[in-house]
Amino acid sequence: MRTASAGLKAAMAATPHTLGWLGQFVFLDGTTIRVSATGAPADFNGHSWTADKSFKGSTLKFIGDGSVPDGEVTAPTAISDAYDAEDVYAGTFEGMEITLFVFNYSSPSDGGMQLGPYEVSEINYDDRGKIATFEIRGILQKAKQITVEELSVSCRSDLGDQRPGFCTLPLYPDNVARSHAYTVGDYIRVADAGDYHDRMFRCTTAGSTAGSAPAYDYVVGHTTTDGTAVFTAEEAWVRSGVVATRTDDSDFTATLTESRAVDGWFTSGTIKWTSGLNAGLYNQVRVYTGASKRIQLWGTARWTVAVNDTFEIVPGCDKTFAMCLARFLNTINFRGEHLMPGRDFLAGAGT
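Predicted model only: the values in this text are computed from it and were never measured.

Draft legend 1. Seen up close, the packing of aromatic side chains. Counted by the stated rule, this structure contains 15 aromatic pairs. Between Phe-321 and Phe-334 the ring centres are 5.3 Å apart and the planes differ by 90°, which places this aromatic pair in the edge-to-face class. Remark: Phe-334 occurs in the loop between α5 (321–328) and α6 (343–347) and Phe-321 occurs in helix α5; sequence separation between them is 13 residues. A relative accessible area of 11% places Phe-334 in the buried class. Each member of the aromatic cluster is reached from another via a ring pair, and the members are Tyr-182, Phe-201, Tyr-216, Tyr-218 and Phe-231. Its end group placed over the ring of Phe-166, Arg-163 keeps NZ or CZ at 3.8 Å from the ring centre. Positioned above the aromatic ring of Tyr-196 is the side chain of Arg-189, whose terminal nitrogen or guanidinium carbon lies 3.8 Å from the ring centre.

So this is what it looks like as structure tokens:
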């Protein structure tokens, strides 16, 4: 494509009423939607662009002081009608890139001016009007982000971050694979009629799993030989639960088994709904009361919570060294400087 060609410049000067917007929306999985705001379909840059009057680049801003270009783009009908607010909460639009073009629709061969690609930073969805608006940031956004970590007393890693040297707690191990080589320390999950029985398995003898699955022993500490590999059953961090009683969509009691779950065990943890209207969505736990197994959420679930809805719940972490040691035995991966002198020490220097 020719960018800001001489022909386009002439068209912009002579006939500005023949200029129009094109929008290209690319999802993280590669799904691409191309629309034209000219009132008619367009053939441009080797692609076909569907007419869509609802699409527009609303408030794009460019400042010559090095600031990051930003603004809003109204989604086309192809997106607003096909998706809803639940898709926003489910992360459907995470990683989306939007590229805009200004071109002379009376003479597309003149080329056009490309704006972007832009990263979507936030999505606003109006349930009543079924209109999605994307807030976008230009490519300079990454250059303006802080790329070094500051020192802190608390851990800077999220629970279960699998990057080497980060938390690496095995919250969701992969399901066991057949005829697959495992090394000592690898974790797996094994489903029994769809139930993990709140267990995970650690490879304690390296080897390859058999072509057909043996019956796994879910008793903690017991071993199962699978092919030439041996796995030992351990308590899983993620627990399965069922809503037992409901006060409202942010307050309910649960049926779940977790012998370690004293008061606060799941506080600041995460719920992933596995059935019901909220299936596939997440909520953060505000308070967990051990004796009554009462769960109170930050905010409310997106849709109605009903008795017998099922979920998976992850314990909370306050990112302190003490909790990392006492609850998770994972201090080797603690990413904080808890022994760093504090303000009291510095203020008292020389006295």
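Next comes the rest of the write-up.
Draft legend 2. Spatial organisation of the side chain of Glu-258. Looking at the element boundaries, Glu-258 is found in the loop between β17 (251–256) and β18 (270–273). Within the local environment of Glu-258, its side chain forms a polar contact with the side chain of Arg-239, the two groups lying 3.3 Å apart. Reaching out from Glu-258, the side chain makes a polar contact with the side chain of Arg-260 at a distance of 2.9 Å.

Draft legend 3. Quick look at the sheet that holds strand β19 (residues 282–289). The strand order around the closed barrel built from 6 strands is β16-β17-β20-β19-β18-β21, with neighbouring strands paired in antiparallel fashion. For this sheet the average axis-to-axis angle between neighbouring strands, irrespective of direction, equals 45°. As defined by bridge partners, β18 adjoins strand β21 (residues 310–314) across 4 bridges and the pair is classed as antiparallel. Among the inter-strand pairings, Ile-271 is bridged to a residue of β21, identified as Ile-313.

Draft legend 4. The nonpolar core, seen in detail. Counting 27 residues, the largest nonpolar core has Phe-252, Ile-271, Trp-273, Tyr-288, Ile-295, Phe-311 and Ile-313 as the members making the most contacts within it. Of all the elements in the fold, those that place two or more residues in this core are β17, β18, β19, β20 (294–297), β21 and α5. Leave out the neighbours within four places in its chain, and Tyr-288 touches Leu-256, Ala-261, Val-262, Asp-263, Gly-264, Trp-265, Phe-266, Thr-267, Lys-293, Arg-294 and Ile-295. Grouped together as the second largest cluster of nonpolar side chains are 18 residues, Val-35, Met-96, Leu-115 and Tyr-118 included.

Draft legend 5. How the structure looks around unusual backbone geometry. One non-glycine residue, Ser-179, lies in the positive phi region at around 50°. For Ser-179, the position within the fold is in the loop between α4 (141–144) and β10 (181–182). Look at Asp-198: it is not a glycine, yet its phi comes out positive at around 55°. Along the chain, Asp-198 turns up in the loop between β11 (187–188) and β12 (199–205).

Draft legend 6. Molecular detail of α5. Within the sequence span of α5, burial applies to Met-323, Cys-324, Arg-327 and Phe-328. The buried residues of α5 occupy an angular sector of 100° when projected down its axis, which confines them to one face. Exposed residues pointing more than 90 degrees away from the buried face of α5 are listed as Ala-322 and Ala-326. Of the residues one or two after α5, Leu-329 is the one with positive phi, at around 50°.

Draft legend 7. Quick peek at the environment of Tyr-172. Of note, Tyr-172 is situated in the loop between α4 and β10. Between the C-alpha atom of Tyr-172 and that of Tyr-187, which follows or precedes it by 15 residues, the distance is 9.0 Å. Leaving out residues up to four positions away in the same chain, Tyr-172 has contacts with Arg-189, Val-238, Lys-272, Glu-312 and Val-314.

Draft legend 8. Geometry of the side chain of Asp-198. On the basis of relative accessible area, Asp-198 is assigned to the buried category, the value being 13%. Those residues in contact with Asp-198, other than ones at most four positions away along the chain, are Glu-234, Glu-235, Ala-236, Val-238, Arg-239, Ser-240 and Thr-257.

Draft legend 9. A look at the state of the cysteines. Inspection of every chain in the model, using the stated rule, returns 0 disulfides. Lacking any disulfide linkage, Cys-155 is separated from the closest cysteine sulfur, that of Cys-324, by 6.5 Å. Residue class for Cys-155 comes out buried when judged on its relative accessible area of 12%. Note on Cys-317: no disulfide assigned, nearest cysteine sulfur contributed by Cys-324 at a separation of 6.5 Å. On the basis of relative accessibility, which here comes to 26%, the residue Cys-317 falls in the partly exposed class.

Draft legend 10. Structural context of the pairing of strand β4 (residues 47–51). Where strand β2 (residues 32–36) lies against β4, 2 bridges are found, and the strand directions are parallel. Looking at β4, one finds that Val-35 is bridged to Thr-50. Where strand β3 (residues 42–44) meets β4, 3 bridges bridge the pair, whose relative direction is antiparallel. When the bridges of β4 are listed, Phe-44 appears paired with His-47. Counting the residues that bridge the hairpin from β3 to β4 gives 2 residues, and of these Asn-45 lies at a positive phi of roughly 55°.

Draft legend 11. Local environment of the pattern of salt bridges. Taken as a whole, this structure holds 13 salt bridges when the rule is applied. Across the pair Arg-189 and Glu-312 runs a salt bridge whose closest N-O atoms are separated by 3.7 Å. Note that Arg-189 is positioned in the loop between β11 and β12 and Glu-312 in strand β21, a separation of 123 residues in sequence. Take Arg-189: its relative accessible area is 12%, and that puts it in the buried class. Of the residues examined, Glu-312 reaches a relative accessible area of 10% and is grouped as buried.

Rules used in this analysis
- Residues numbered from 1 in each chain as written.
- Predicted model: local features only at pLDDT ≥ 70, side-chain atom pairs only at ≥ 80, totals over all residues.
- Heavy atoms only, no water.
- Phe/Tyr/Trp six-rings, centres within 6.5 Å; stacked < 30°, edge-to-face > 60°.
- Helix = DSSP H or I, 4+ residues; strand = E, 2+ residues; numbered from the N terminus.
- Buried < 20%, exposed > 50% of the residue type's maximum accessible area, 1.4 Å probe, protein only.
- Lys NZ or Arg CZ within 6 Å of the ring centre and 35° of its normal.
- Polar contact = N/O pair within 3.5 Å; in protein donor to acceptor, adjacent residues only side chain to side chain.
- Pairing = 2+ DSSP bridges.
- Axes fitted to C-alpha atoms, helices over the stretch in contact; angles between N-to-C directions.
- Core = buried A, V, L, I, M, F, W, Y, C linked by side-chain atoms within 4.5 Å.
- Contact = heavy atoms within 4.5 Å.
- Arc of directions from axis to C-beta.
- Disulfide = S-S within 2.5 Å.
- Salt bridge = Lys/Arg side-chain N within 4 Å of Asp/Glu carboxyl O.

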